[in-house]
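Listed here are the chains, written in short residue letters.
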2 protein chains.
Amino acid sequence: MKGFYKKLAVSWKNQNSLLCIGLDPDLERLPETIRKGKAPLFEFNREIIDATALWACAFKPQIAYYAAIGAEAQLEKTIEYIHTHYPLLPVVLDAKRGDIGSTARKYAQEAFQRYQADAVTVNPYMGGDTLQPFFEHEDKGVFILCRTSNPGSGDFQEMKSGQHFLYEQVAQRAMKWNVRNNIGLVAGATFPEVIGRIRKIVGDMPLLIPGIGKQGGDIREVLRNGLNADKTGLVINVSRAILYSGGGRDFAAVAGDRAREICLGIREHAGRLESV
Amino acid sequence: MKGFYKKLAVSWKNQNSLLCIGLDPDLERLPETIRKGKAPLFEFNREIIDATALWACAFKPQIAYYAAIGAEAQLEKTIEYIHTHYPLLPVVLDAKRGDIGSTARKYAQEAFQRYQADAVTVNPYMGGDTLQPFFEHEDKGVFILCRTSNPGSGDFQEMKSGQHFLYEQVAQRAMKWNVRNNIGLVAGATFPEVIGRIRKIVGDMPLLIPGIGKQGGDIREVLRNGLNADKTGLVINVSRAILYSGGGRDFAAVAGDRAREICLGIREHAGRLESV
């Protein structure tokens, strides 16, 4: 193993965690003392990162929260902070990019050179040639949207052609595209039986799982359907349910407690307690 | 008519043009004198805009070219420049966004509030609920990817379920979603017969057509398949074939000539010469 797959595998093992902390700082929801600072998103993230790193296998900043208010510099600082202080923890930039080849190369540059992310999320709708510029960064990871966690995700993803749903065809293609061993898939926790179907198609491929927490996914069902034989393979993301579990000045401590609780819950249900 | 539909209709008529100028300034391809300046993307765009505005119905900046190098401020200045100097010409921000509702609201904020775009491109893969936050901006336009211009666009878009391709199902849904009359579709010039199939489904809905120019789409076939009864309905984008038609210090004049030529070619083949 090498590159992103290796970094992720080391993190799963060292941290004994499958929990990914989503860094989606919504300016309007930050504690007032933080909101009034000069770099509120970064300051909020910094405290969250320090409070939760012990329980995390990865961090996943969602770029929209920064781009909406012109705070790209705070996203850069956030990722730099993680690389400096927690260099073993991978950073997945959640951007869901997808465009024709010449443009996709620019998006790959955005994610991997500008922001120095270890992995990025991408959208498969436009087809394989639009994803190749991401795959070509062989030390980086690329999580392709497969079955998403939102209520309307079935609108097109559950379109059936012959025996296979669209999301299954995406998973099948991902297997073919994965010649560099740097591809993963996004599969929402809100459809755990679908995670099982995807797992059957893609073997040990890493799955990024949104939808636990505010979106209501069931952690036991996710683990039952998605774990690999070695009890890894999943990057289970929680954002809002950790970030805003407090709300006052002690938000970070409360978030740390919540992350600990979720991480231990995952360990327990995954039968990983013995390796603590 | 109101909002984006109205702005576009007025522009088609006033400008007697269906040509959209794509503002995809690749730093590496800019003339040296421009590249060495403080705001090279903006300075390049400013000259291109002034040289081509007479022949354009819209401008379409592709955000990846700015985001790759941390030049969001130059994108803001570019759009502000268009609104100030050519207030009747709509700006379509090409971003191909798509994410769960809470995140989609942030992306809509990015496109419509931060950048003040008149319209944005979005990706339908995640389903209708992820696009609603864009549609809710009723004075703004939303172009949904339907059939894209790239070679691999058929990988999933041509998946057939029953009688219908995926891209046709996207077009059918778009018609249902269009309760505010602010939706358009993206249909690549490289598949003109597909433009005809989409036109049959969506009536007079505006179609954004990439793929003319470097990608090799045939303008006559696009017009034959895509024009509405009033000889409008299309926003035909050309980026690189105009931007880099020169290459020296006179790049803007050369680009202006090229835009004029393409615009007049479209007028001729569309049978719009009489209204010049």
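Residues numbered from 1 in each chain as written. Chains lettered and ligands numbered in written order. Predicted model: local features only at pLDDT ≥ 70, side-chain atom pairs only at ≥ 80, totals over all residues.

1. What to know about the packing of helix H11 (residues 219–226) of chain A against helix H13 (residues 251–269) of chain A
Residues and elements named next belong to chain A.
- Axis separation between H11 and H13 bottoms out at 10 Å; the angle between their running directions is 45°. It follows from the interaxial angle that H11 and H13 lie oblique. Considering the relative orientation of H11 and H13, their crossing is right-handed. Residues Ile219, Arg220 and Leu223 of H11 form the contact with H13, whose participating residues are Gly265, Ile266 and His269.
- In terms of residue class, the contact of H11 with H13 is built from three nonpolar, two polar and one charged. (Axes fitted to C-alpha atoms, helices over the stretch in contact; angles between N-to-C directions. Helix = DSSP H or I, 4+ residues; strand = E, 2+ residues; numbered from the N terminus. Parallel < 35°, antiparallel > 145°, perpendicular 65-115°, else oblique. Left-handed = near helix turned anticlockwise from the far one by under 90°. Contact = placed C-beta atoms within 7 Å. Nonpolar A, V, L, I, M, F, W, Y, C, P; charged D, E, K, R; others polar.)

2. Quick word on the nonpolar core
- Formed by 196 residues in total, the largest nonpolar core has its most connected members in A:Leu19, A:Ile144, A:Leu185, B:Leu19, B:Ile144 and B:Leu185.
- For B:Leu19, the residues in contact, after removing those within four places along its chain, are B:Trp55, B:Ala56, B:Cys57, B:Ile236, B:Val238, B:Ala259, B:Ile262, B:Cys263 and B:Ile266. (Core = buried A, V, L, I, M, F, W, Y, C linked by C-beta atoms within 7 Å. Buried ≥ 20, exposed ≤ 12 C-beta atoms within 10 Å, placed from the backbone.)

3. Some words on the pairing of strand S3 (residues 92–97) of chain A
Residue and element names in this part refer to chain A.
- Counting buried positions along S3 yields six of six residues, so the element is predominantly enclosed.
- Two strands pair when backbone bridges link them, and S3 and strand S4 (residues 119–122) are joined in this way by three bridges, in the parallel orientation. The residue bridging Leu93 from the neighbouring strand is Val120, located in S4.
- Handedness of the β-α-β unit built from S3, helix H6 (residues 101–114) and S4 comes out right-handed. (Pairing = 2+ DSSP bridges. Right-handed = clockwise from strand over helix to strand, strands pointing away.)

4. Section: unusual backbone geometry
All names here are of chain A.
- A positive phi angle, close to 50°, is found at Lys96, a residue other than glycine.
- Mapped onto the secondary structure, Lys96 falls in strand S3.
- Here Lys96 falls in the buried class, since 28 other C-beta atoms lie within 10 Å of it.
- A positive phi angle is found at Lys231, which is not glycine, with a value near 60°.

5. Thoughts on the interface of chain B and chain A
- Taken together, the contact pairs 43 residues of chain B with 43 residues of chain A.
- At the level of elements, helix H4 (64–67), helix H6 (101–114), helix H8 (154–157), strand S6 (160–161) and helix H9 (166–177) of chain B are the ones that each hand at least two residues to the side of chain B that touches chain A.
- Considering every element that reaches the side of chain B that touches chain A, the biggest residue donor is H6(B), with seven residues.
- Considered class by class, the residues forming the side of chain B that touches chain A number 15 nonpolar, 18 polar and 10 charged.

6. Here's the deal with the relation of the copies chain B and chain A
- Between chain B and chain A, the superposition needs a rotation of 180° and an axial shift of 0.0 Å, giving an RMSD of 0.0 Å. In symmetry terms, the pair is related by a two-fold rotation axis. Among all residues of chain B, the one whose C-alpha sits closest to the rotation axis is B:Ser161, at a distance of 2.4 Å.
- The overlap is high: 100% of the interface residues of chain B also sit at the interface in chain A, so the same surface is used on both sides. (Least-squares fit on C-alpha atoms with pLDDT ≥ 70 in both.)

7. Concerning the confidence of the model for chain A
- The predicted model of chain A has a mean per-residue pLDDT of 96, with 98% of residues at 70 or higher.
- Across the assembled chains, the prediction reports ipTM 0.96 with pTM 0.97. (pLDDT = per-residue confidence, 0-100.)

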